[in-house]
Amino acid sequence: MSEAPDKLRIGVAGWDYKDWKGKVYPEGAGRDFDPLEYLARYFDVVEVNSSFYRPFPARYAKAWLARVADHPEFGFTAKLWRRFTHERDAPPTGEDVAAVREGMDALAEEERLLAVLAQFPWSFKNEPAEREWLAAIVDTFGDWPLVLEVRHASWDEPETLEWLAERNVGLAAIDQPLHENSLEAVVRPISPVRYFRFHGRRYDTWFAEGRPTHERYDYLYSEEELRPWSERLREARADATAKAVIAITNNHYQGQAAVNALQLKAWSNGGKVRVPPPLLAAYPEDLGAVADEPLEEDPAGDVPAQRELFE
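The text that follows walks through the structure, step by step, so that each part is easy to find. Please read these numbers as outputs of a predicted model, since none were measured by experiment. (Residues numbered from 1 in each chain as written. Predicted model: local features only at pLDDT ≥ 70, side-chain atom pairs only at ≥ 80, totals over all residues. Heavy atoms only, no water.)

## Describing the overall build of the protein chain
For the protein chain, the count of helices and strands is ten helices and nine strands. Burial statistics for the protein chain: of 311 residues in total, 53% are counted as buried. A separation threshold of at least 6 residues defines the contact pool for the protein chain, and within that pool the share at least 24 residues apart is 76%. Counting only carbon and sulfur atoms, one obtains 48% of the accessible surface of the protein chain, whose full area is about 14500 Å². (Helix = DSSP H or I, 4+ residues; strand = E, 2+ residues; numbered from the N terminus. Buried < 20%, exposed > 50% of the residue type's maximum accessible area, 1.4 Å probe, protein only. Contact = heavy atoms within 4.5 Å. Areas by Shrake-Rupley, 256 points an atom, 1.4 Å probe, with all protein chains shown as cover.)

Here it is, written out as structure tokens:
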């Protein structure tokens, strides 16, 4: 009898980054290079970020599944469309719901949808109108493994946590720059899905106006900062009530998310891991101690690139 898949899944947020060429991806990768399949060789999960900006249709989901078909334990998480989290001037329509469900359901039907992340801004506070809005989301999408990412500390109170737990909605533990009344990086084991997200700690650019977006995520965690999280991941994995434990690094600039995700993977599992050769060459001091013997060749892959399906 084969062993059950490891409940601990560690990966990165997104895969279509131009600055990853030569850092994460091979410098000379041609048009036949598929970044999604490439990442599936080294990670357990990827977070779909483009779904925050627009829903993805079923044909996209099916194409992604085809591209990772050789990696049966690889999974996806996806952000909920911002129409449901940030654009709250009017309730979403039935058409809005249908658009989101089309792609998400296609992943869920193949048992590849590990979680759907409802990410709200700091301004979304634990007040009556906001609780009503959240309840509508849970009622609408509660058949998916939902995880709530909130930034305001008002949500971390017993009655709210109990309400979420009764509905199997998780609360993400987020490592990020903090300011007044920000939710700290708490771990609340209230649902079968435990979700950890790492945004980096760029205090100087996180709250700055008019700066390039990538500067918010230009951060490489040190071992001192990151290693304690591997212990928390092991504790979550050992918890019999946890069905899935997911860690996503979002400090994506220059491939730093991939570096930290591989470190977490190695430290959480107590062994070395495969590392993309370009990444090892770019970050030898950070990855040298956790990298398994690199392959003599690291083929770019023979899955035809589908550029229109990139995030």
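## Some points on the side chain of Ser191
The residue Ser191 is located in the loop between β7 (173-175) and β8 (193-198) in this model. The class for Ser191 is buried, based on a relative accessible area of 4%. From its side chain, Ser191 meets the backbone nitrogen of Gly170 in a polar contact 3.4 Å long. If sequence neighbours within four positions are ignored, Ser191 has contacts with Asn168, Val169, Gly170 and Thr241. (Polar contact = N/O pair within 3.5 Å; in protein donor to acceptor, adjacent residues only side chain to side chain.)

## Points about the pairing of strand β2 (residues 45-48)
Side chains Val45 and Glu47 project from β2 onto one buried face, and the interleaved Val46 and Val48 project onto a second face that is buried too. Of the strand pairs in this sheet, strand β1 (residues 8-13) and β2 are connected by three bridges, and their pairing is parallel. Residue pairing across strands places Val12 opposite Val46, the latter belonging to β2. Each parallel crossover has a hand, and the one from β1 via helix α1 (residues 35-40) to β2 is right-handed. Of the strand pairs in this sheet, β2 and strand β3 (residues 75-79) are connected by four bridges, and their pairing is parallel. By the bridge assignment for β3, Glu47 is matched with Thr77. (Pairing = 2+ DSSP bridges. Right-handed = clockwise from strand over helix to strand, strands pointing away.)

## Looking at the environment of Ala281
Position of Ala281 relative to the elements: it lies in helix α9 (residues 277-282). Residue Ala281 is classed as exposed on the basis of its relative accessible area, which comes to 63%. Residues Ala281 and Val24, spaced 257 residues apart in sequence, show a C-alpha to C-alpha distance of 9.6 Å.

## Examining the packing of aromatic side chains
Overall, the coordinates contain 21 aromatic pairs when judged by the stated rule. An angle of 90° between the planes, with centres 6.0 Å apart, marks the rings of Phe198 and Tyr221 as edge-to-face. Highlighted residues: Phe198 in strand β8 and Tyr221 in the loop between α6 (203-206) and α7 (223-238), separated in sequence by 23 residues. Taking the relative accessible area as the measure of exposure, Phe198 reaches 1% and is therefore buried. Overall, the relative accessible area of 1% leaves Tyr221 in the buried class. (Phe/Tyr/Trp six-rings, centres within 6.5 Å; stacked < 30°, edge-to-face > 60°.)

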